[in-house]
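# Summary of the model geometry
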Amino acid sequence: MSKGTILAVDDEPDILIALEDLFEDEYRVLTTSKPAQALEILASEPDIAVIVSDQRMPEMTGDAMLAQARGMHDAQAILLTGYADMSAVIAALNQGGITGYATKPWDATLLRNTVRQAFERHRLGRDLATERALLLGLLDHAEDAISFKDAQGRFVRLNARKAAGLGGSVADCLGRTEGDLLGDGNAEAARLADAAAIAAGEPSEVTAARGQPGAERWSHVIRVPIRDASGAVAHLATVERDITEQRSLEARLRQSDKMQALGTLAGGIAHDFNNLLTAILGSLELAGPRIVDQPRVQRLVANATQAAQRGASLTKRLLSFSRSRDLSPRVVDVNDLIAGMDELLAGSLGGLVGIATRLDPHLPAAAVDPDQLELAILNLCINARDAMPEGGTISIATRVVALTDDPDLADGAYVAVEVADSGSGIPPDILQRVCEPFFTTKSVGQGTGLGLAMVFGLAQQSNGHLRIDSEVGRGTRVELLLPRAGEAAPRAETPAAAPPPAVRPARILVVDDDAEVRHVTASFLASFGYDQSEAADGEAALDQIAAGRFDLLVADLAMPGMNGVELAEIVRRRWPDLPVLILTGHAEAVAIPDDLPVLRKPFQSADLAAQVSLLVTAG
């Protein structure tokens, strides 16, 4: 550790030598015989701790020189004087210009102790100044709200951020408690937490919330008890960090993980359900020609077909939520699509609600699957109607929304479709769950819980976002944000067609691990006039292809052992002229190459016939 520095000032060289000899073992000693030079030394030597100065000097008296030194330096000052100069010493002491004095001739031990005490005071003063500067710097520049309270909870120090949270300035808060400043339940909770920390005598951490449910501000609070010399807790330091954004991000991450898990489950359910529906709908369609003379049976078959088709619609919603259903995004004029839904909405919503539209005439086109968008708007309108059992008006609006720094979407302009009602609204705890599949507040039989889940899935898969704003008693506003596109293309109508007959004789191999689906598919092909064979898995299919010539391979996607894509890759390498058609009830079960034709389950016989006809003709 380096020595401290003292400055000796005396116009007599012998005195300076004596002072240097007295202190050089403990300190670095600087000397000068001129008061003016002493001031120059002080200006250039900030580390000087003590000044020992004679009082009577020809250029300037010691007390006058030390008075000037006090304005430019924090060194402790000791005056050396004879008894005749005591009036000057008393004046200097009263004015705070010196902290001690010694008489000439001095007592060496007494002078050493006086200088040692002055040096210690200087060191402590600098330490306190440093700590004060660090504390003030921390208080003034910290992002956290920091405060120090006494044992009764009164503020003795706090920064501006903490004061702002209490609704006042730093000066307003000093000497007062949080209860004095806030006077609410939050203040009482803070008081109890402070008391618990003081009683425990150990640092503690807690997460606290302020504000109304759904709009809380969250804080992470650290409380540190500070003990006095006797060991008793005399003060409490608190450090509060606003973690509202962090909790929001964590909540979004948890919600995203939950939705992904639910989506995976939904996709798996949809896959199995689609296989069942394919077998059911296909069997019912195949049974139709055999009961043309049995009207009663025909009605039963028609009822069963309608029920199965409703199941197919439900499965489409599941797949839309799980992002497992490939969309067909196109350039869509959203205003035109909404205008074309008048009859559909009127027939679906009933007579108790009206529709009011506010469509931006300058709205750009959106990149979205038009069929799914139409279904999403219908679902939102049905939810809005159900929120207004006494009737009301549903508002459908479009506009352009420009986003920057949004946590869910890239910066840019988006096409917004808004559906709003003035109904009962959604409580905050329920609002967090409304997009979960199968979650519904409607009575049994009145809702599947898949409407908003489907809209959420459409938004996610379209690289957009779904935003819901609701207040109990005032209604709900749902906004679907979609990416912009170029000019809209006219919507093409696709009328239903009867299954075309075989364009030419062809042998077709059907591969599916589900015997019922395989049988229905093969039966359809036979009814079209094709020669068909069946295989239960990929290995059996390869054996049959190797043994005889086929014109088309129709394979299920999700099969154990070897899936449809793997089978198609082997077939393309070994028999490059053999076309392959993939059937699937779960679009994301396996990644399907873009150049591989796909038909979704459950399918109509006409759709299968059209695909087969196209591939057989091309082959």
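Before any of the text, the structure's been laid out above.
Worth saying up front: this structure is predicted, and the values here are computed from it rather than measured.

### Description of the side chain of Thr-5
Tracing the sequence through the fold places Thr-5 in strand β1 (residues 4-9). Among residues more than four places away in sequence, those in contact with Thr-5 are Arg-28, Leu-30, Asp-47, Ile-48, Ala-49, Val-50 and Phe-119.

### Considerations on the sheet that holds strand β17 (residues 475-483)
As a general point, the strands of a sheet are linked pairwise by backbone hydrogen bonds and lie either parallel or antiparallel. In space, the five strands of this open sheet follow the order β12-β14-β15-β17-β16, with mixed pairing throughout. At either end of the open sheet lies a strand with only one pairing partner, and these are β12 (353-358) and β16 (465-471). The mean inter-strand angle of the sheet, taken between neighbouring strand axes irrespective of direction, is 20°. Along the sheet, helix α14 (residues 370-386) contacts β12, β14 (392-403), β15 (412-421) and β17; its crossing angle with β15, the most-contacted strand, is approximately 35°.

### Observations concerning the pairing of β16
The sheet contact formed by β16 and β17 spans seven bridges and is antiparallel. Bridging across to β17, Glu-471 finds its partner in Gly-475. Joining the antiparallel neighbours β16 and β17 is a turn of three residues, in which Gly-473 adopts a positive phi near 85°.

### Focus on the sheet that holds strand β8 (residues 204-210)
Spatial strand order, β7-β6-β10-β9-β8: five strands in an open sheet with antiparallel pairing. Each end of this open sheet is capped by a strand with a single partner; those strands are β7 (155-158) and β8. Here the average twist between neighbouring strands, direction ignored, is 25°.

### Quick look at the pattern of salt bridges
Counted under the stated rule, the structure contains 27 salt bridges. Here Glu-45 ties to Arg-28 by a salt bridge, and the two come within 3.3 Å at their closest N and O atoms. Taken together, the residues span a long stretch of sequence, with Glu-45 in the loop between α2 (35-44) and β3 (48-54) and Arg-28 in strand β2 (residues 27-32) at a distance of 17 residues. Take Glu-45: its relative accessible area is 21%, and that puts it in the partly exposed class. In this structure, Asp-595 engages Arg-572 in a salt bridge whose closest nitrogen and oxygen atoms are separated by 3.3 Å. Separated by 23 residues along the polypeptide, Asp-595 in the loop between β21 (580-584) and β22 (598-600) and Arg-572 in helix α19 (residues 564-574) bring together distant segments of the chain. Under the relative-accessibility criterion, Asp-595 is labelled exposed at 53%. Each of Lys-149, Lys-162, Glu-178, Asp-194, Arg-223 and Glu-240 takes part in salt bridges that share partners, so that together they form one network.

### A few points about the nonpolar core
In terms of nonpolar packing, the biggest core is built from 34 residues, with Val-334, Leu-373, Ile-377, Cys-381, Ile-394 and Leu-480 touching the most fellow members. Discounting residues that sit within four places of it in the chain, Ile-394 has contacts with Leu-349, Val-353, Gly-354, Ile-355, Ala-356, Cys-381, Ala-384, Arg-385, Met-388, Val-419 and Ala-420. By size, the runner-up hydrophobic cluster in this structure holds 22 residues, among which are Leu-509, Ile-545, Ile-570 and Ile-582.

### Describing α2
Of the positions making up α2, those classed as buried are Pro-35, Ala-38, Leu-39, Ile-41 and Leu-42. All buried residues of α2 fall inside an arc of 160° around its axis, so they share one side. Of the exposed residues in α2, the ones pointing more than 90 degrees away from its buried face are Glu-40, Ala-43 and Ser-44. Of the surrounding elements, those touching the buried residues of α2 are β1, β2, β3 and α3 (62-70).

### So, helix α17 (residues 515-528)
Helix length check: α17 (14 residues) gives 20 Å between terminal C-alpha atoms against 20 Å at 1.5 Å per residue, within 8%. Here α17 starts with a cap whose side-chain oxygen sits 3.1 Å from the backbone nitrogen of Glu-516, and that cap is Asp-514. Among the residues trailing α17, Gly-529 stands out with phi positive, at a value near 105°.

### Observations regarding the pairing of strand β19 (residues 531-535)
Across five bridges, the pairing between strand β18 (residues 507-511) and β19 is parallel. When the bridges of β19 are listed, Leu-509 appears paired with Ser-533. For the crossover from β18 across α17 to β19, the handedness is right-handed.

### Examining the packing of helix α1 (residues 13-23) against helix α5 (residues 108-141)
Across the interface, α1 lies against α5 with an axial gap of 11 Å and an inter-helix angle of 70°. By the angle class used here, α1 and α5 are roughly perpendicular. Contacts between α1 and α5 pair Leu-19, Leu-22 and Phe-23 from the former with Ala-108, Leu-111, Arg-112 and Val-115 from the latter. In terms of residue class, the contact of α1 with α5 is made up of six nonpolar, no polar and one charged.

### Here's the deal with the packing of aromatic side chains
Summed over the entire model, instances satisfying the criterion amount to three aromatic pairs. The cationic tip of Arg-507 hangs over the ring face of Phe-550; the distance from NZ or CZ to the ring centre is 4.3 Å.

### What to know about the environment of Val-511
As for its placement among the helices and strands, Val-511 is situated in strand β18. The exposure class of Val-511 is buried, given its relative accessible area of 1%. As a C-alpha pair, Val-511 and Thr-521 span 10 residues in sequence and 9.5 Å in three-dimensional space.

### Section: the environment of Val-517
Note on placement: Val-517 falls in helix α17. In the structure, Val-517 is positioned 239 residues away from Thr-278 in sequence and 6.2 Å away in space, judged by C-alpha atoms. Beyond its immediate chain neighbours, meaning those up to four positions away, Val-517 contacts Asn-275, Thr-278, Ala-279, Asp-512 and Lys-601.

### Focus on unusual backbone geometry
Of note, the bond from Lys-104 into Pro-105 is cis; its omega dihedral lies within 30 degrees of zero at -15°. As for its placement among the helices and strands, Pro-105 is situated in the loop between β5 (100-103) and α5. The omega angle of the peptide bond from Lys-601 to Pro-602 is -10°, so this bond is cis rather than trans. By secondary structure assignment, the location of Pro-602 is in the loop between β22 and α20 (605-618). Of note in the backbone geometry, Asp-405 takes a positive phi value of approximately 55° without being a glycine. Looking at the element boundaries, Asp-405 is found in the loop between β14 and β15. Of note, Asn-463 is a non-glycine position whose phi angle comes to about 65°, a positive value. Residue classification places Asn-463 among the exposed residues on the basis of a relative accessible area of 58%.

Basis of the calculations
Residues numbered from 1 in each chain as written. Predicted model: local features only at pLDDT ≥ 70, side-chain atom pairs only at ≥ 80, totals over all residues. Heavy atoms only, no water. Helix = DSSP H or I, 4+ residues; strand = E, 2+ residues; numbered from the N terminus. Contact = heavy atoms within 4.5 Å. Pairing = 2+ DSSP bridges. Axes fitted to C-alpha atoms, helices over the stretch in contact; angles between N-to-C directions. Salt bridge = Lys/Arg side-chain N within 4 Å of Asp/Glu carboxyl O. Buried < 20%, exposed > 50% of the residue type's maximum accessible area, 1.4 Å probe, protein only. Core = buried A, V, L, I, M, F, W, Y, C linked by side-chain atoms within 4.5 Å. Arc of directions from axis to C-beta. Expected span 1.5 Å × (residues − 1). Polar contact = N/O pair within 3.5 Å; in protein donor to acceptor, adjacent residues only side chain to side chain. Right-handed = clockwise from strand over helix to strand, strands pointing away. Parallel < 35°, antiparallel > 145°, perpendicular 65-115°, else oblique. Nonpolar A, V, L, I, M, F, W, Y, C, P; charged D, E, K, R; others polar. Phe/Tyr/Trp six-rings, centres within 6.5 Å; stacked < 30°, edge-to-face > 60°. Lys NZ or Arg CZ within 6 Å of the ring centre and 35° of its normal.

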